[in-house]
Every structure is written in C-alpha cells, then in structure tokens.
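Reading the structure
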Amino acid sequence: MSVTTAPPPAPDASARFNPITPISRALTWLVSRYLPDPLIFAIILTVLTFGFAWWLTPSGPVDLVRMWGNGFWNLLAFSMQMALVLVTGHALASSEPVRNVMGRVASIAKTPTQGVMLVCFAAAVTNVVNWGFGLVVGAMFAREVARRVPKSDYRLLIASAYIGFMTWHGGFSASVPLVAATKGNPMEKTVGLIPIADTIFTTYNIGITLALIILLPLVCRMMHPKPHEVVAVDPALLKPEPSTKRVLGPDASPAEKLEESRILGFVVAALGIAYLFLHFQAKGFDLNINTVNLIMLVAGLILHGTPMAYARAVANAARGTAGIMVQFPFYAGIQIMMEHSGLGGLITNLFVDIANKETFPVLAFLSSGLINFAVPSGGGHWVVQGPFIMPAAQQLGVDLGKAAMAIAYGEEWMNMAQPFWALPALAIAGLGVRDIMGYCATALVITLPIFLIGLYF
C-alpha cells in the first residue's frame, strides 16, 4: 500500500448526494477487504478452472495437468510484447519533451474533479487509437495531474486512467474485429471473413464508444470522495524520473563518446521510420502491438537523444514488469484448459442455448464477460468463444459483425473487475490493486446499460 491513509471506511448513508457515490463507497470497501493480490487472483482462477473442468467436462485430472503444463509457456511472445508496451511507453513518457506536453495539458484541470475527468477522457480517447499506448500514457498522465492538482485523490486518478481502457475494443487496435477480418483466423472456414466495416465502423459501435467517452469522465467525477476522505499520494511516488542525460567531460574515452553519440541514436531511429513507412504503405493503417512498440521505441530514442540515455530510461521503466512476467504464464495455462477441455464452450453454450435472434448479442456479451475472468485477452476470447458463438449466430441469422463485437465488448467491460490489465498502470503508479478496483467495479455497474442497449437495439 503506497498511499498515506488507512483503507476506506465501510459504506454509510452519509455519502454524497448523487446515485453513484453509495455504489462506489460500497464496492471500494468490499474490494479493499476481499480482493487479493493479482498473482493470488490468478492462482485461485487456475484452481477453480481445473476443478470445474474436471467436474463438468470429460477431461480427467491427468489430462488437465498436461493441458495446463503445455499451455503454461504459450504466451511467452505475448508476455514480451506486453513488457515492451510498458517499458517503451514508460520510457517515452519519461522524456523531457513528453513530460512538458503532459504538464501543459494537465494544467487544464484546476480542481480535483476536473483532474479525474481529464485523465479519464484522455485515457478513453488514446485507447481508441491504440490500447497499449492508452494504457501506459493514461497512467503517466494521471501522475502528472496529481503533481499539479492539490487535494486530488491519487487512487481515483489512477483508476480513472484504467477506466478509460473500457473503450479499446471499439477502436483501431481492437483485437477481435481485426482478427475476424484477417485471413487465416480460426473462424474463417466457418463463417468467412468479417470486414471491419461490419464491426469497428458500424453505427452502433461508434455510438457505444462515444457514449463511453462522454459518460466515463462523468462517472469518475461523481466518484470523487469528499475532501476529508481524499487519500493523498506519497510524494515519493510523484518525483520526476531521474534525468537520463549524461554530460561527458573532456577526458571521456572513445567508448563513452560512442555510447553518448546522438548520431547512432538517429541512425537506428531512421531505420525504424523507414520500416514503418514501408509497412504502412503496404498494409494501410495497420496498428498492432509490434508496430506500436516500434513507434514508441523510435520516438523514445529521438526524444532521449542518445542510445545510452534511452537505455537508462528503459532500465527505470523495467522495474514495473514483474507482475506481467509472473502472471502471464498462469493465464496461458488457464486459457488452454478452458479451450481444450471444452469448459469455455460449455459456459458459452449455457447462454447461447437460451438465446433467440434478438437476445443473442446480449447473451453472447454476458458470456464473454464471464469467460474474461479466466481468459483476460481479446485474442484468447476469439479462440475460446468464436467456435461456439459464431456458428450459433449464423444459424439464428444474427449479424456476424455484431456477434463478434458482443465477444469484444464483454471482454473490455469485464476488465473493470479483472485486475490483470491494470498491472501496467499500477506498476507506473506505485499502487496496489485494492487501491483502484472498487472504482473500476463501479464503472462496470454504471456502464452495463450502454452495452445492453447498443447490442439489443
């Protein structure tokens, strides 16, 4: 616990006079007492998945042990990608020019409530552009607002950055619709390709995403505690990153001069820019994790000036990757047990079997939310749920694009109760999961009607 006061008190009737505050207080109190550390959460989910798969599917304990062990290292490449999302984003945001820009934008907020609204709005918009960029920059921006707006509740600022993550599957880096439109994806032979014109660029998706961008900052504003309940931040957490620049003396060795050479940094940056130009020329606006990481790496090299200055920024940022490195293998094992045992399909079919053409998208959304506790990954959802959701949608005559987006929305919505993707933001902020998840759970409750109305009507 990195904040300076005790956990929030139990809810009472004296909450603020708005309908959201009592919900926020109750959920914050509940989470502060009962939500374990994310690693313990992942271990508990592993045990529960193993138990339910043994009980409800033909798979025996030996089969499940093999599935878990074989899948444990399946996300190593993705783990490295996510670690680089955090490291390159943090290193970029710690550069002096970016800090100056964030400082100027953060100065727009004059009061604590304006601060949380600004953070949430900025995070929601940047997550529409790209989820990896928005996840990291949102947390860095929240820290910047905390420096400039006295009496802000630091927990809520960081929570607001993570709450903005709820827009990502309606944006340009949405994994489910992008995979569904890509040749060779697991569902192509079953339902064909689903163009992004039928998913990302539909009227209902634009409407849902815009509604979230407008509503989420207002929800964060209404959750702000009373002045005497504000949890102040430990000043040590808001200290600026140490300067990465190194001034060489007249007796510097040739090796030291080479290490601090701006020319080498710009050569690498030029190579990266040339590749990105060729990539976008050939594939259009194709933003994926790798291209975003390369963009942030190139930009970081340019803004830090020299290769070693950038390396020092990366070293400062790498300390926050521990949670990602430890927890990703557990979720990889869970995903394979869900997929190969058939448990994921069994859960999905519980919802699908009672659906008709009108209710199918809503029930698919709810099943996706439930699956997200065990498989907090958009691409993983397509693998686990696609083989059950999409043929059923086709059989009922449901729009396939809306069925795919129902899977996507369920994943992004339930992230507010699944602490997995909060790890990068928490690592940057220096907070624990219990500090923010009560606020996130409140956003989960309040935004449910947006998804249900958008999918049903």
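Computed from a predicted model, the values in this text were never measured in an experiment.

Definitions and cut-offs
Residues numbered from 1 in each chain as written. Predicted model: local features only at pLDDT ≥ 70, side-chain atom pairs only at ≥ 80, totals over all residues. Heavy atoms only, no water. Core = buried A, V, L, I, M, F, W, Y, C linked by side-chain atoms within 4.5 Å. Buried < 20%, exposed > 50% of the residue type's maximum accessible area, 1.4 Å probe, protein only. Helix = DSSP H or I, 4+ residues; strand = E, 2+ residues; numbered from the N terminus. Contact = heavy atoms within 4.5 Å. Arc of directions from axis to C-beta. Phe/Tyr/Trp six-rings, centres within 6.5 Å; stacked < 30°, edge-to-face > 60°. Lys NZ or Arg CZ within 6 Å of the ring centre and 35° of its normal. UniProt positions renumbered as here; feature names shortened; annotations may be inferred. Expected span 1.5 Å × (residues − 1). Salt bridge = Lys/Arg side-chain N within 4 Å of Asp/Glu carboxyl O.

**Description of the nonpolar core**
Core analysis: the biggest nonpolar cluster contains 114 residues, and Tyr 162, Ile 163, Phe 360, Trp 382, Met 390, Trp 421 and Ile 436 have the highest contact counts within it. Considering each element in turn, this core owes the most residues, ten residues, to helix 20 (residues 400-414). The residues contacting Tyr 162, other than those within four sequence positions of it, are Leu 135, Asn 415, Met 416, Gln 418, Trp 421, Ala 422, Ile 436, Met 437 and Cys 440.

**Overview of helix 3 (residues 61-71)**
Looking only at helix 3, the buried set comprises Leu 64, Met 67 and Gly 71. All buried residues of helix 3 lie within an arc of 60 degrees about the axis, which places them on one face of the element. For helix 3, the exposed residues set more than 90 degrees away from the buried face come down to Val 62, Arg 66 and Asn 70. Contact partners of the buried residues in helix 3: helix 2 (38-56) and helix 16 (322-341).

**Regarding the packing of aromatic side chains**
Considering all chains together, one arrives at 19 aromatic pairs under this definition. Measuring from centroid to centroid gives 5.4 Å for Phe 365 and Phe 451, while their planes differ by 20 degrees, and the two rings are stacked. Of this pair, Phe 365 sits in helix 18 (residues 360-372) while Phe 451 sits in helix 22 (residues 437-456), placing them 86 residues apart in sequence. Among the residues examined, Phe 365 registers a relative accessible area of 0% and is labelled buried. A relative accessible area of 0% means that Phe 451 is categorised as buried. Feature note: the residues Trp 131, Tyr 162, Phe 165, Trp 168, Phe 328, Tyr 331, Phe 420 and Trp 421 constitute an aromatic cluster, connected by ring pairs. The ring centre of Tyr 204 lies 4.9 Å from the NZ or CZ of Lys 402, which sits over that ring.

**Description of the UniProt feature "transmembrane region" (unreviewed entry) in the chain**
Residues annotated by UniProt as "transmembrane region" (unreviewed entry) correspond here to residues 39-56, 68-93, 113-142, 154-180, 200-219, 263-282, 294-315 and 436-456. Annotation note: span residues 200-219, helix share 85%, strand share 0%, distance between end C-alpha atoms 25 Å. Helix makes up 95% of residues 436-456 and strand 0%. Its end C-alpha atoms lie 31 Å apart.

**Observations concerning helix 1 (residues 20-34)**
For helix 1, which comprises 15 residues, the first-to-last C-alpha distance of 21 Å matches the rise-based estimate of 21 Å (1.5 Å per residue) to within 8%. Within helix 1, burial applies to Ile 20, Thr 21, Ser 24, Arg 25, Leu 27, Thr 28, Val 31 and Ser 32. Tucked inside the fold, the buried residues of helix 1 contact helix 8 (154-163), helix 11 (203-223) and helix 22.

**Details of the pattern of salt bridges**
For the structure shown, the criterion picks out five salt bridges. A salt bridge links Arg 25 to Glu 229, with the nearest nitrogen and oxygen atoms 2.7 Å apart. Linking Arg 25 in helix 1 with Glu 229 in the loop between helix 11 and helix 12 (254-259), this pair joins segments that are 204 residues apart in sequence. Residue classification places Arg 25 among the buried residues on the basis of a relative accessible area of 13%. Judged by its relative accessible area of 24%, Glu 229 falls in the partly exposed class. The closest approach of N and O atoms between Asp 153 and Arg 155, which form a salt bridge, is 2.9 Å. Arg 155 carries the same exposure label as Asp 153, and that label is buried. Counted as one network, the salt bridges with shared partners bring together Glu 144, Arg 147 and Arg 148.

**Concerning the side chain of Ser 368**
Inspection of the secondary structure puts Ser 368 in helix 18. When near neighbours in sequence (up to four residues on either side) are disregarded, Ser 368 contacts His 381, Gln 385, Ala 406, Ile 407, Gly 410 and Glu 411.

**Remarks on the environment of Ile 158**
Residue placement: Ile 158 occurs in helix 8. In this structure the C-alpha to C-alpha distance between Ile 158 and Val 98, which are 60 residues apart in sequence, comes to 19 Å.

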